[in-house]
Amino acid sequence: QVQLLESGGGLVQAGGSLRLSCAASGSIFSINAMGWYRQAPGKQRELVARITSGGSTNYADSVKGRFTISRDNAKNTSYLQMNNLKHEDTAVYYCNADVVSRLYRYLEVWGQGTLVTVSS
């Protein structure tokens with residue numbers, strides 16, 4: 001079993017910053033890509049940012065220049081630094097990871113989600 005635990009969500013004013021963390025634990029051999037997705041009320045879940053094991057990143061156009069994804073491979077943790085937050089960034093943010101378990105099974109794992117609310 002592999003679990004992802006997110007933290008760092010909350011309420012922030014427009015223009016402010018938040019840092020989300022996602023820690024993976026359990027039967028992990030290695031982690032390939034890690035990502036952050038979000039789902040706003042009434043909308044589909046969308047990719048926010050993704051980072052490979054080698055550190056290559058990609059971002060949604062709506063967050064480029066404001067959000068930064070990073071990871072600490074030794075801690076099996078990814079981070080999403082969110083700056084200059086806008087009201088439209090309000091959503092539940094989900095962590096995602098492509099994991100190879102110790103039994104060499106390929107797993108796509110999701111966190112439980114953390115709510116980010118940006119007040120205008």
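Anything mentioned here points back to the structure above.
Each value, and the rule that gives it
Residues numbered from 1 in each chain as written. Predicted model: local features only at pLDDT ≥ 70, side-chain atom pairs only at ≥ 80, totals over all residues. Heavy atoms only, no water. Pairing = 2+ DSSP bridges. Helix = DSSP H or I, 4+ residues; strand = E, 2+ residues; numbered from the N terminus. Axes fitted to C-alpha atoms, helices over the stretch in contact; angles between N-to-C directions. Buried < 20%, exposed > 50% of the residue type's maximum accessible area, 1.4 Å probe, protein only. Contact = heavy atoms within 4.5 Å. Polar contact = N/O pair within 3.5 Å; in protein donor to acceptor, adjacent residues only side chain to side chain.

Caption draft 1: Representation of the sheet that holds strand E1 (residues 2-7) in the model. The strand order E1-E3-E8-E7 describes an open sheet built from four strands, whose pairing is antiparallel. Each edge of the open sheet is held by one strand with a lone partner, namely E1 and strand E7 (67-72). For this sheet, the mean angle separating the axes of adjacent strands, direction not counted, is 15°. In terms of strand pairing, strand E3 (residues 18-26) meets strand E8 (residues 77-82) through six bridges, oriented antiparallel. Across the sheet, the residue bridging to Leu18 is Met82, located in E8.

Caption draft 2: Quick look at the environment of Ser56. Along the chain, Ser56 turns up in the loop between strand E5 (46-51) and strand E6 (57-59). On the basis of relative accessible area, Ser56 is assigned to the partly exposed category, the value being 47%. As for Ser56 and Asn96, which are separated by 40 residues in sequence, their C-alpha atoms are 16 Å apart. If we ignore the near neighbours within four places in the chain, the residues touching Ser56 are Arg50 and Ile51.

Caption draft 3: View of the environment of Asn73. Relative to the elements of secondary structure, Asn73 occurs in the loop between E7 and E8. On the basis of relative accessibility, which here comes to 43%, the residue Asn73 falls in the partly exposed class. The spacing of Asn73 and Gly54 is 19 residues in sequence and 9.6 Å in space, taken between C-alpha atoms. Within polar-contact distance, the side chain of Asn73 engages the side chain of Arg71 at 2.6 Å.

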